[in-house]
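Here are the chains, one letter per residue:
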Amino acid sequence: MAQDIEETIRGFFEDHLGKISCKGVLGYAKFKDVYDELMSIQQQRLKRISADKFDELVESGSIISFGIAYQDAAIDAISRTKEDGTDYELWNFYSREYDRLNRLLNQTAQAIADRFNGIPITATLNGLSGNVKHVTDYYGLTISHRTVAEMAGLGWRGKNGLLINEEFSCAIRFASVITSLTLASPGRIGSQCGVCHACEDVCTFIRNRETLPNYRENCRKYLVHLQSEGLTHEVCGKCIRACYRNSIFNEQFNLE
Ligand code: SF4
Ligand code: SF4
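A quick note: this is a predicted structure, and the numbers were derived from the prediction, not measured. (Residues numbered from 1 in each chain as written. Chains lettered and ligands numbered in written order. Predicted model: local features only at pLDDT ≥ 70, side-chain atom pairs only at ≥ 80, totals over all residues. Heavy atoms only, no water.)

Trainee: What exactly am I supposed to notice about the overall build of the chain here?
Mentor: Helix and strand counts for the chain stand at eleven helices and eight strands. Taking 18 Å as the expected radius of gyration for a compact globule of 256 residues, we find that the chain reaches 18 Å, a close match to that expectation. When the backbone C-alpha atoms are referred to their principal axes, the chain occupies close to 60 × 40 × 35 Å. Buried positions account for 49% of the 256 residues belonging to the chain. Look at the contacts in the chain between residues 6 or more apart in sequence, and 76% of them connect residues 24 or more apart. Carbon and sulfur atoms form 47% of the exposed surface of the chain, whose accessible area is close to 12,400 Å². Positive and negative side-chain charges of the chain, numbering 29 and 33 respectively, have mean locations separated by a distance of 4 Å. (Helix = DSSP H or I, 4+ residues; strand = E, 2+ residues; numbered from the N terminus. Rg over C-alpha atoms; globule rule 2.2 N^0.38 Å. Buried < 20%, exposed > 50% of the residue type's maximum accessible area, 1.4 Å probe, protein only. Contact = heavy atoms within 4.5 Å. Areas by Shrake-Rupley, 256 points an atom, 1.4 Å probe, with all protein chains shown as cover. Lys, Arg positive; Asp, Glu negative; His and termini not counted. Charge placed at Lys NZ, Arg CZ, Asp CG, Glu CD.)

Trainee: Would you explain the site of ligand 2 in this entry?
Mentor: Close contacts around ligand 2 come from Gly 158, Lys 159, Asn 160, Ile 164, Cys 193, Cys 196, Ala 198, Cys 199, Cys 243, Ser 247 and Phe 249, and that covers them all. Cavity membership is defined here by more than half of the atoms lying within 2 Å of grid points; on that basis ligand 2 lies in the largest cavity. Class assignment for the residues of the shell around ligand 2 results in seven nonpolar, three polar and one charged. (Near = heavy atom within 4 Å. 1 Å grid on protein atoms, 1.4 Å probe; cavity = no way out; pocket = protein on both sides within 12 Å on 5 of 7 lines; lining within 4 Å. Sits in = over half its atoms within 2 Å of the grid points. Nonpolar A, V, L, I, M, F, W, Y, C, P; charged D, E, K, R; others polar.)

Trainee: Which parts of the structure should I look at to understand the sheet that holds strand S1 (residues 24-30)?
Mentor: Strands in a sheet are paired, the pairing made by backbone hydrogen bonds, and the direction either parallel or antiparallel. The strand order S1-S2-S8-S5 describes an open sheet built from four strands, whose pairing is antiparallel. The open sheet is flanked by S1 and strand S5 (119-121), the only strands paired with a single partner. Going from strand to strand, the sheet's axes swing by 20° on average, the running direction of each strand aside. In terms of strand pairing, S5 meets strand S8 (residues 172-179) through three bridges, oriented antiparallel. Residue pairing in the sheet places Pro 120 in a bridge with Val 177 of S8. (Pairing = 2+ DSSP bridges. Axes fitted to C-alpha atoms, helices over the stretch in contact; angles between N-to-C directions.)

Trainee: Can you help me understand the site of ligand 1 in this one?
Mentor: Around ligand 1 sit Cys 203, Phe 205, Ile 206, Cys 219, Tyr 222, Cys 236, Gly 237, Lys 238 and Cys 239, and that is every residue in its neighbourhood. Residue composition of the shell around ligand 1, grouped by class: seven nonpolar, one polar and one charged.

Trainee: Explain helix H10 (residues 215-229) to me, please; I cannot follow it from the model alone.
Mentor: Counting along an α-helix, one turn takes 3.6 residues, and residues three or four places apart therefore face a common direction. Taking 1.5 Å as the rise per residue, H10 with 15 residues should run 21 Å; its terminal C-alpha atoms sit 21 Å apart, in good agreement. Turning to H10, its buried residues are Tyr 215, Glu 217, Arg 220, Leu 223 and Leu 226. Just downstream of H10, Gly 230 is the residue with a positive phi angle, here 130°. (Expected span 1.5 Å × (residues − 1).)

Trainee: Would you mind going over empty space enclosed by the protein with me for this structure?
Mentor: One way to see where empty space is left: roll a probe the size of a water molecule over the atoms. Applying the stated criterion to the full structure yields two cavities of 30 Å³ or more. In this structure, the largest cavity occupies an estimated 100 Å³ of space. Lining the largest cavity are Trp 156, Gly 158, Lys 159, Asn 160, Ile 164, Cys 193, Cys 196, Ala 198, Cys 199, Cys 243, Ser 247 and Phe 249. By residue class, the composition of the lining of the largest cavity is eight nonpolar, three polar and one charged. As a volume, the second largest cavity reaches approximately 40 Å³. Residue lining of the second largest cavity: Lys 53, Leu 57, Asn 117, Gly 118, Ile 119, Ile 178, Thr 179 and Ser 180, and that is the complete set. When grouped by side-chain class, the residues that make up the lining of the second largest cavity number three nonpolar, four polar and one charged. (Points joined across faces, edges and corners; volume = space filled by probe spheres on them.)

Trainee: I keep staring at the packing of aromatic side chains and nothing clicks. Help me out?
Mentor: Describing an aromatic ring pair means giving the distance of the ring centres and the angle of the ring planes. Summed over all chains, the structure comprises nine aromatic pairs. Aromatic ring contacts, followed pair by pair, group Phe 31, Tyr 35 and Phe 54 into a single cluster. (Phe/Tyr/Trp six-rings, centres within 6.5 Å; stacked < 30°, edge-to-face > 60°.)

Trainee: When you look at unusual backbone geometry in this model, what are you seeing that I'm missing?
Mentor: Backbone geometry follows two general trends: most residues other than glycine have a negative phi, and most peptide bonds adopt the trans configuration. Non-glycine residue Ser 21 carries a positive phi angle of around 55°. As for its position among the elements, Ser 21 is in the loop between helix H1 (2-19) and S1. Phi at Ala 51 takes a positive value of approximately 50°, unusual for a residue other than glycine. Along the polypeptide, Ala 51 turns up in the loop between helix H3 (40-50) and helix H4 (54-60).

Put into structure tokens, the structure is as follows:
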């Protein structure tokens, strides 16, 4: 019975991907596993979103994690140079794709929630990097979709802090749907990064993440800088392109 509903949700998602001409992944995490893993400010947010269903969800609920992958041309547009310097016009192809995927994720989360009586958690917030004082100001405003995807076994947490899926690398964005359905979850996959250091090679913040007070704050400031240079959204993506194109898994990853 549980297996039937898992397959029905997966089938619904795959049909939806076909309609929007995208590739993606879907998996199931136990609600409690995600809750236990979140930082306390996000636990409070998850509790608020769940409202009077919280106790039941902790007992037997799940969170559906799903991701939509980028086109590889968008990843290849990241941080390229032309004769007179960085090609921000090309980089904006990736920037616009980031925004398009967020909108598709939000629509898909709503569609899954409507069909299976769930609660959608939309994709990461846009437009705040320049308006917050510190990256920690973000933490209470969202639920980490990476944590949900990780607890759903959709990949491992890479050295770049992103979820690395075995097919799409980290060139994929996630959203989630809370459900009171009890769905089987494979749980977390341990890191497979091994000796790879492609993301560390392209980003000094990742390379020095152990010694910096909070390398994500350095990243946030860099995103603000890139927007001042002409990017249309709060993106960088250099560590994504490095993982997809230059990591030890580059032959295995495939967005085409
Ligand atoms: S997005 Fe850019 S600045 Fe941020 S961690 Fe990745 S490569 Fe570094
Ligand atoms: S580039 Fe290599 S080390 Fe970095 S996240 Fe990807 S697989 Fe891991």
